[in-house]
Amino acid sequence: MGAGPQPPARPLRGPSPGAGRWSPPAPPPPRHWPQPPRRKSGGSAIAIVAVVLGGVAALAVVLLVGASLLADGPRIETPVAIPTYTPPRSTQTDAPTEPTQVPTQVPSAQPSAEPTTPPKPTLDRSLKTNTVYRVGRLPSLNCRAGDASIYSHGELKALILKTGKCMDRAWGPLLLKQGIPWIPAKYAIAAKRGRGACGDYPSPGNMVPYYCPRNHTIYASTSAMSRGNGNSAGYGELVQWNGGIISMMAHEYGHHVQNISGLLNAHWSRRLESSSQSGRLGLDRRIELQATCFGGMFMRSVHRSYPISTTNRNRLFWFYSRLGDHPGYPRDHGSPVNNHRWFRQGWERNHSFQCNTWLASSSATS
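The text that follows walks through the structure, step by step, so that each part is easy to find. The residue numbers shown here count from 1 along each chain, following its written sequence. Confidence filtering applies because this is a predicted model: local features only for residues at pLDDT of at least 70, side-chain atom pairs given and counted only at 80 or more, and all residues used for totals across whole chains, interfaces and linings. To obtain the side-chain values, all non-hydrogen atoms of the structure were used and water was disregarded.

**Concerning unusual backbone geometry**
Generally, phi is negative for residues other than glycine and the peptide bonds are trans, each holding for most cases.
Stage number 1. Along the chain, Tyr 201 connects to Pro 202 via a cis peptide bond; the corresponding omega equals -10°.
Stage number 2. By the element assignment, Pro 202 lies in the loop between β3 (199-201) and β4 (210-212).
Stage number 3. We note that His 216 has phi near 55°; this positive angle belongs to a residue other than glycine.
Stage number 4. By the criteria applied, helices consist of DSSP H or I runs no shorter than four residues and strands consist of E runs no shorter than two, each listed in order from the N terminus. Structurally, His 216 can be placed in the loop between β4 and β5 (217-221).
Stage number 5. Using a 1.4 Å probe on the protein chains alone, a residue whose accessible area is under 20% of its type maximum counts as buried, one over 50% counts as exposed, and one in between counts as partly exposed. Taking the relative accessible area as the measure of exposure, His 216 reaches 21% and is therefore partly exposed.
Stage number 6. Phi at Asn 350 is positive, roughly 45°, even though this residue is not glycine.
Stage number 7. Locating Asn 350 in the fold gives a position in the segment after α8 (336-349).

**What about α8?**
Stage number 1. Under the convention used throughout, the expected extent of a helix is 1.5 Å for every residue step, that is, one less than its residue count. Across its 14 residues, α8 extends 20 Å between first and last C-alpha, which sits within 8% of the 20 Å expected from 1.5 Å per residue.
Stage number 2. Within the sequence span of α8, burial applies to Pro 336, Asn 338, Asn 339, Trp 342, Phe 343, Arg 344, Gln 345, Gly 346 and Trp 347.
Stage number 3. Of the surrounding elements, those touching the buried residues of α8 are α4 (242-261), α6 (277-301) and α7 (310-320). Contact definition: two residues touch when any of their heavy atoms are within 4.5 Å.

**Quick look at the state of the cysteines**
Working definition of a disulfide: a covalent bond connecting the sulfur atoms of two cysteines.
Stage number 1. Sulfur atoms of two cysteines make up a disulfide when they are within 2.5 Å. Within this structure, the stated rule accounts for three disulfides.
Stage number 2. At a sulfur-sulfur separation of 2.1 Å, the disulfide partner of Cys 143 is Cys 166. One disulfide, between Cys 143 and Cys 166, carries an S-S torsion of 95° and so falls in the right-handed class. Of the two residues, Cys 143 is situated in the loop between α1 (45-72) and α2 (153-177) and Cys 166 in helix α2; the sequence distance between them amounts to 23 residues.
Stage number 3. By relative accessible area, Cys 143 is classed as buried at 1%.
Stage number 4. Exposure remark for Cys 166: the relative accessible area of 3% places this residue in the buried category.
Stage number 5. For Cys 293, the disulfide goes to Cys 355, at an S-S distance of 2.0 Å. Looking down the S-S bond of the Cys 293 and Cys 355 bridge, the torsion is -75°, so its handedness is left-handed. Linking Cys 293 in helix α6 with Cys 355 in the segment after α8, this pair joins segments that are 62 residues apart in sequence.

**Considering the pairing of β5**
Stage number 1. For β5, the tally of buried residues reaches five of five residues, placing the bulk of the element in the interior.
Stage number 2. With five bridges joining them, strand β1 (residues 186-190) and β5 adopt parallel strand pairing. The residue of β5 that forms the bridge with Lys 186 is Thr 217.
Stage number 3. By this definition, two strands are paired if DSSP reports at least two bridges between them. Here β4 runs beside β5; their pairing, made up of three bridges, is antiparallel. Directly across from Tyr 211, in β5, lies its bridge partner Ile 218.

**A closer look at the environment of Cys 293**
Stage number 1. By relative accessible area, which is 0% here, Cys 293 ends up buried.
Stage number 2. For the pair Cys 293 and Thr 357, spaced 64 residues apart in sequence, the C-alpha separation works out to 8.9 Å.
Stage number 3. Excluding anything up to four places from it in sequence, Cys 293 contacts Trp 342, Gln 345, Gly 346, Gln 354 and Cys 355.

Structure follows, in structure tokens:
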């Protein structure tokens, strides 16, 4: 890993101290439409006939316009995080192409006595054109969550381990298909606190989980995540539904995908080469926002079976608009605005190359 051991992938920070609980937005005030002016009594019959004929003509115009709109289909577009990327050709799955000319017939050679071993695929372990961007979409999975309470250590731990197996099923076969050596992630889930290969969890005054690339393990404290730790409010302060914390586990699993595909090593090498603190923080934000995007891909893949209702989907979007770099903290995870955008990018685009933060603008990764 370059000049030295790699530190743990930095976890996604939660709400700033004192953040309030999530509550649905207040309904908008009722609209008061302007009333038409009252007609004066005693109008002439000609005026009445003119009004009636005008109304019929207006109705015909409305019907014609409506029929045209229905023929064209609805034009409502869902707002998306950032524009769709056109990835480098090396990151796309190429379709078979027709030969440009008739191949020359060459006499077939005699079969050799020993079978030849097919060459191993060449892996791209760089940041911008990594082989992981050829993975494509995550499949729709049957992964039911139930009503596990985030305030019960036993229930939340069981749910984390169960959905962790779903993450293995989502990512493992696709990574193997591209030749990326795959191993499942491991978990160390404590009720309160513990010590892992990359440090204490949670760290003092913090509540976030972390992924340790040394041993492919995700460390988390259930009480810290749900209730907070010290001055850090817990995720339960924002969303008491278990999908919020599971989406954080999907973010940490995103770091596991980055690790085995070489993205974390490439990030660390670039970080060692950077001569400025702002440059290093910019690299950190890109790696973190990419993990958030990978997490959004997973949550989309299980949304039917989990299930994730429209209300809970909107809660997830709202949740990520409150996570990220808050005033007084290092700018190493991305602003809440961009965390929201990249989670939605993974959810709505659900394609690995759409999570290529290394091709995004600096404003999209600020």
